[in-house]
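An overview of the molecular structure
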Amino acid sequence: MNLNSSGYYRSNGDRLASTVIDGDAVLVDLATGVYYSLDGTAGTVWQMIENGRTVEEIAQRLAALYDTTPAQALSDVESLVLRLLKEDLIVEAAPSEPAAPEPLPDHRSPYRTPTLEMYTDMSDLLALDPPMPGLFANNEKK
Amino acid sequence: MSSGVSGALVSCIVPVFNGERYLREALDSIFTQTYCPIEVIVADDGSADGSRAVAETYGDRLRWLSQTTAGPAATRNLGVRAARGDLLAFLDADDLWKPDKLERQVAVLQQLPELDACVCHAQLFWGRDMVEEETLYRDHPRGQAIPGYASTTLLVRRRVFDRIGMFSEDLWFADATDWFIRFREAKLALHVLPEVLVLHRMHGSNLTRRRREASKTEFASVVAATLSRRRATP
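Here the structure is a predicted model, which is why all the values come from computation and not from measurement.

1. A word on the overall build of chain B
When its secondary structure is counted, chain B shows nine helices and nine strands. Computed over C-alpha atoms, the radius of gyration of chain B comes to 17 Å, within 12% of the 17 Å expected from 2.2 N^0.38 for 234 residues, which places it in the range of a compact globule. Overall size of chain B, expressed as C-alpha extent along the three principal axes, is 55 × 45 × 40 Å. In chain B, buried positions account for 56% of the 234 residues. For chain B, contacts bridging at least 24 residues in sequence account for 78% of all contacts bridging at least 6. About 10,000 Å² of surface is accessible on chain B, with carbon and sulfur atoms providing 52% of the total. Each charge sign in chain B was given a centre, from 30 positive and 31 negative side chains, and these centres are 4 Å apart.

2. Observations concerning the environment of Pro95(A)
Residues and elements named next belong to chain A. Relative to the elements of secondary structure, Pro95 occurs in the loop between strand S5 (90-93) and strand S6 (117-119). Looking at Pro95, the relative accessible area reads 65%, which means it is exposed. With 16 residues separating them in the primary sequence, Pro95 and Tyr111 have C-alpha atoms 28 Å apart.

3. Notes on the interface of chain B and chain A
In this assembly, 39 residues from chain B lie in contact with 32 residues from chain A. Summed over both sides, the interface of chain B with chain A buries roughly 3,300 Å², with 62% coming from carbon and sulfur. At the boundary of chain B with chain A, the tally comes to three salt bridges. Among the ionic pairs, Arg230(B) bridges to Asp121(A), the shortest N-O distance being 2.7 Å. At the boundary of chain B and chain A, one finds ten residue pairs in polar contact (both at pLDDT 80 or more). Those elements that provide at least two residues to the side of chain B that touches chain A are strand S6 (117-126), strand S7 (146-147), helix H7 (175-185), helix H8 (207-210) and helix H9 (212-232) of chain B. It is H9(B) that provides the largest number of residues to the side of chain B that touches chain A, a total of 14 residues. Broken down by class, the residue content of the side of chain B that touches chain A amounts to 18 nonpolar, ten polar and eleven charged.

4. Brief notes about the sheet that holds strand S2 (residues 16-21) of chain A
For sheets, the rule is that strands pair by backbone hydrogen bonds, running either parallel or antiparallel. Residue and element names in this part refer to chain A. A sheet is described by the order of its strands in space; here four strands give the open sequence S2-S3-S4-S6, paired in antiparallel fashion. Since the sheet does not close on itself, it has two edges, and those belong to S2 and S6, each with one partner. Shown here is a sheet whose adjacent strand axes are inclined to one another by a mean of 20 degrees, direction ignored. Examined bridge by bridge, strand S4 (residues 35-38) and S6 share three bridges and lie antiparallel to one another. Of the residues in S6, the one forming a bridge with Tyr36 is Met118.

Here is what the cut-offs are and how they apply
- Residues numbered from 1 in each chain as written.
- Chains lettered and ligands numbered in written order.
- Predicted model: local features only at pLDDT ≥ 70, side-chain atom pairs only at ≥ 80, totals over all residues.
- Heavy atoms only, no water.
- Helix = DSSP H or I, 4+ residues; strand = E, 2+ residues; numbered from the N terminus.
- Rg over C-alpha atoms; globule rule 2.2 N^0.38 Å.
- Buried < 20%, exposed > 50% of the residue type's maximum accessible area, 1.4 Å probe, protein only.
- Contact = heavy atoms within 4.5 Å.
- Areas by Shrake-Rupley, 256 points an atom, 1.4 Å probe, with all protein chains shown as cover.
- Lys, Arg positive; Asp, Glu negative; His and termini not counted.
- Charge placed at Lys NZ, Arg CZ, Asp CG, Glu CD.
- Buried area = accessible area lost by both parts, 1.4 Å probe.
- Salt bridge = Lys/Arg side-chain N within 4 Å of Asp/Glu carboxyl O.
- Polar contact = N/O pair within 3.5 Å; in protein donor to acceptor, adjacent residues only side chain to side chain.
- Nonpolar A, V, L, I, M, F, W, Y, C, P; charged D, E, K, R; others polar.
- Pairing = 2+ DSSP bridges.
- Axes fitted to C-alpha atoms, helices over the stretch in contact; angles between N-to-C directions.

And the structure:
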């Protein structure tokens, strides 16, 4: 699987149910009932993917927000994005509008390698009742 | 109604909201159960259609309860509070039970008193006007027989509601999933029957279809809350 660090990605929204609480993201694969957590730095990466930022932009922002080098941030974001692609949690997307400059914090936060945690313990519980994946991408009723 | 198995009274709770189109089929699938004794409670969530007229054709074979619209969980709870049976079952007004659904489940709970609840498998089905959609899901995991962690597949001892509480009325979509998660967290005992005894109807007005994004967010939030509780437990 190839990664384009200048390319754009988006959440595989039709297949996923997701929420972000206090900066941590939880994703539920509606097809399998597997769910995932993206905590701390990983939650930051997830929100920037959803906001249409490239891998390079995300890494730059991560290095500005957290105590890490741009090279380390880029390597880690690339690894995480590859994992997200492998799990079908994101897909390639059309280019977004350029990001508006965002303010920098006074202090950079401690850095932890962004990781994706996968859980299968509720696959049975999530197999029947959640909304069906793939049905209604273009015709949702308001 | 024939009766292969009899014993404890089963309260059959049918929550309905503007469900006149399929309600008769649902009720008929209850009244043709091979198990008795049963009581049937239709819990109405402020329907504005002809649901009540459909229910009234069954006379005193069922009880009709009504409330101002408060959501599916509150409607199920309305039925739970009114139920007289020691065993409770639920059927959404657009779904169907197979005739031996209660008989099979009651037999399991009678044989194994330590069990708190029994669910069966469920199979989705589509109406004749949705053949294209049915074709899409023929080979999909969600198109197969699925272990039924949903209210329509459940037969549960009343005592369980005293132990883990009612359906959460602030949830409109994921209330049953949340309830089953609490059931599991309380380490209660569940048996899953391998047979498909419930048919879940896919149609243009399924709640999770009409309000898809809201339902997705709610399911994700329930999972996130579960993860948070687990991490907070030493």
